[in-house]
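Read off the chains here:
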Amino acid sequence: MTSKDREATGFQEQAAYDESIDLRTDFVMVYGLNETTAERIARWREAGYRVHLMTGISWGTYQDYLDGRWDGSGHWDDAQTTADGKPILHGESTDIPYMVPTFGFTEYLVQKLRPIIELGVEGIHLEEPEFWARAGYSESFKREWQAYFKEPWQPPHSTPEAHFRSGQLKQHLLSRSLDRVTSVLRDEALANGREVRFYVPTHSLLNYTQWQIISPESRLRTLPSIDGAIAQVWTGTSRTPNVYNGVVAERTVETAYLEYGIAQDLTRGTDRRMWFLHDPIEDHPDRTWEDYLANYQRTLVASLLHPGVSRYEVAPWPHRIFNRPYLREGSAERELIPPDTATSYLIAMNSLRDLDQPDVRWAHDGPRIGIALSDTAMFQRWSPGGESGHHDGLQDALALEGREQLHFSDFYGLALPPLHEGQCVTPVQLESVIDSPDALDDLDVVVLSYEFQKPLAPSIHYALAGWVNRGGSLLYVGNDADPYHEIRSWWTGRYATCADHLAEALGADRAVDDIQQIGQGRVRFLAQRPADFTADHGPLIAALRELAGPTWQPTNWLSVQRGPYLIGAVLAGTHVVEGTYLDLLDPALGIVRRRELEAGAVTWLRDLTYDNEPLLASAGRITNWNAANTITFTCEAPRGVQVTTALRLPTAPKTVNVDSRYDPDLHILWLTHPGEPSGTKIHIT
């Protein structure tokens, strides 16, 4: 029963309005620019939505620009190109390349988007600013190199330095384009008496680094016309395999938890908005309904373990969820969404509007550990003598050749061991310490390595030194083996590596193999490769436990309570939950009194003893609530789904105008009825 003004939930859709995909969220992001855009915007607004527009800023149906219909000149030289001269195409398309964001292409985007302002949309989402690490060979990129570095272009994969500088330029071009598009359009909108907000839906820094893609990431915090972001984390990104204890495996919960964690830093400490994305299907079309549901719930719960965010994109492309057939376990036949699965998805989507809860309690009060991750990690995804492969979520990552590069073991070697001990682990954007003096204030220990990333400026070290002096504990991991230490940058010529400048800023000695007291804080240098801890994490855990102190208590249960909602994941072994709960992952909204959860299991429960609220959960949106001797309300849901609603009533109802069941011991009434976007009117006496 929440207002739409907060825009707590939304979805993106390129299809025309249809009652089967009317999810009844607060807002909709109408996708794409074509001759139907105005009509689609008008129809979704008529259905009661706040309307935004979304389009790709690095790729899209921009053939009129490419083939010369736009300005009389062809622009295929603006396509991102690999070393063999081939353009990099989006998905399985044949004529939609990823674009080099030149001045010409940026001006084209401004002119394409200008008419959208007149359609009265409240927000414009410029999604996925992306530049592939394996690109950088087009003529337009060579010209941009000459202009930016004032020296001749170098093949990006010829040396570590060329690859790093290529990444810097790619990020600059993407940021420049975003800044230009949003600043010009915002100014023009204001001049015409309109106010339009601009957002950037983007994968996490962790995923972009893992998949070898360059994106603005931390730059989004400082571009003045950006109002926020959507963290595009979903099964397709989070089931990318990594290594822990020497075992290569998909770890959807852990990876999603870390992805959502780093994404928060795009807006943390600002007044900008952040939505977390969930995707009930993902981009891979050949998985089963059972697989989709299980992994959706894993990413869903992983996102809820971050109480700092309470806005959500509940789905991209509802048409492919509710109107496309997929496989079932044990069958070669494709079928439309199973009724229970549809109900389960909608219960979650509607419950998400209630996650802005001020009462937050963690199951364990252990140390808060930050794993530093820099934009520059995206610039180092190539090893000398090797090839730069890629993964875009459509391939089977477990079957890829050369997948060791895809694992990104330097990061996961630092992050997975403390996470699997049940500690509160959060990746932290290293660049945020420059413009946010409180960026590390919520952390007790920060783990930092320069073996897979580099500091963009010496000011990062002075900020770290200030945090340590005020009482923080820093663990630096690295043995100086990374060839990227030799690139030209601010530390070269004066320091052997950037880690030596860090030690100087701290007033510490890198040669000391022990904890050093720095002001009120402490620092420890561990001379090992981070990737080594994917096989044997003993030395890392020992160092972390020594810095963290007695608050470190290992557990297999990662859990938080947000108001009445208990959210948890079992990392290993088993865990027993006891109490009186409503199961929000159960399409029947069943009761849980005692449940033993196995390794890898997730749960989202509503504590029935927490409060006396009458409305507990529903697969529909509840409006027009009125409760006296008679309870009346309207329940809105997509047509074709089965809606389950759970209410708390002190006594059994005399009459109910839909199918119902009452539990006299728990005082719970369950209602079921078909979905109706315009609403089913419920009467209970």
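Just above, that's the structure.
Bear in mind the structure is a predicted one, so any value in this text is a computation, not a measurement.

Moving on, we come to the environment of Glu504. Positionally, Glu504 belongs in helix H16 (residues 498-506). At 2.7 Å, the side chain of Glu504 forms a polar contact with the side chain of Tyr495.

So, about the side chain of His537. Within the secondary structure, His537 is located in the loop between strand S21 (521-526) and helix H17 (538-548). Its relative accessible area of 15% is what places His537 among the buried residues. If we ignore the near neighbours within four places in the chain, the residues touching His537 are Tyr244, Asn245 and Pro417.

Okay, the nonpolar core next. Residues Ile124, Leu258, Phe411 and Trp604 are the most contacted members of the largest nonpolar core, which totals 207 residues. With 9 residues, the single largest contributor to this core is helix H5 (residues 160-191). Grouped together as the second largest cluster of nonpolar side chains are 8 residues, Val570, Tyr581, Val592 and Leu605 included.

Turning our attention to helix H11 (residues 339-351). Between the first and last C-alpha of H11 there are 18 Å, a value that for 13 residues agrees with the 18 Å anticipated at 1.5 Å per step. Among the residues of H11, those classed as buried are Thr341, Ala342, Thr343, Ser344, Tyr345, Leu346, Ile347, Ala348, Met349, Asn350 and Ser351.

Okay, the packing of helix H13 (residues 409-420) against H17 next. Where H13 contacts H17, the axes come no closer than 10 Å and their chain directions differ by 65 degrees. As for how H13 packs across H17, the hand of that crossing is right-handed. The residues of H17 that touch H13, namely those facing Gly413, Leu414, Pro417 and Pro418, are Leu540, Ile541 and Leu544. Looking at the contact of H13 with H17 residue by residue, the classes come out as 6 nonpolar, 1 polar and no charged.

Time to look at unusual backbone geometry. A positive phi is found at Gln212, a non-glycine position, where the angle reads about 65 degrees. Position of Gln212 relative to the elements: it lies in the loop between helix H6 (205-211) and strand S7 (213-214). The residue Phe408 is not glycine, and still its phi comes out positive at about 55 degrees. The exposure class of Phe408 is buried, given its relative accessible area of 3%.

Another point: the pairing of strand S11 (residues 273-277). Counting buried residues along S11, 4 of its 5 residues qualify, which places the element largely inside the surrounding structure. Where strand S8 (residues 228-231) and S11 come together, 4 bridges link them in parallel fashion. When the sheet's bridge partners are listed, Ile230 is paired in S11 with Trp275. Two elements, S11 and strand S12 (residues 312-316), share 2 bridges in a ladder whose sense is parallel. The partner of Phe276 across the bridge, within S12, is Tyr312.

Rules used in this analysis
- Residues numbered from 1 in each chain as written.
- Predicted model: local features only at pLDDT ≥ 70, side-chain atom pairs only at ≥ 80, totals over all residues.
- Heavy atoms only, no water.
- Helix = DSSP H or I, 4+ residues; strand = E, 2+ residues; numbered from the N terminus.
- Polar contact = N/O pair within 3.5 Å; in protein donor to acceptor, adjacent residues only side chain to side chain.
- Buried < 20%, exposed > 50% of the residue type's maximum accessible area, 1.4 Å probe, protein only.
- Contact = heavy atoms within 4.5 Å.
- Core = buried A, V, L, I, M, F, W, Y, C linked by side-chain atoms within 4.5 Å.
- Expected span 1.5 Å × (residues − 1).
- Axes fitted to C-alpha atoms, helices over the stretch in contact; angles between N-to-C directions.
- Left-handed = near helix turned anticlockwise from the far one by under 90°.
- Nonpolar A, V, L, I, M, F, W, Y, C, P; charged D, E, K, R; others polar.
- Pairing = 2+ DSSP bridges.

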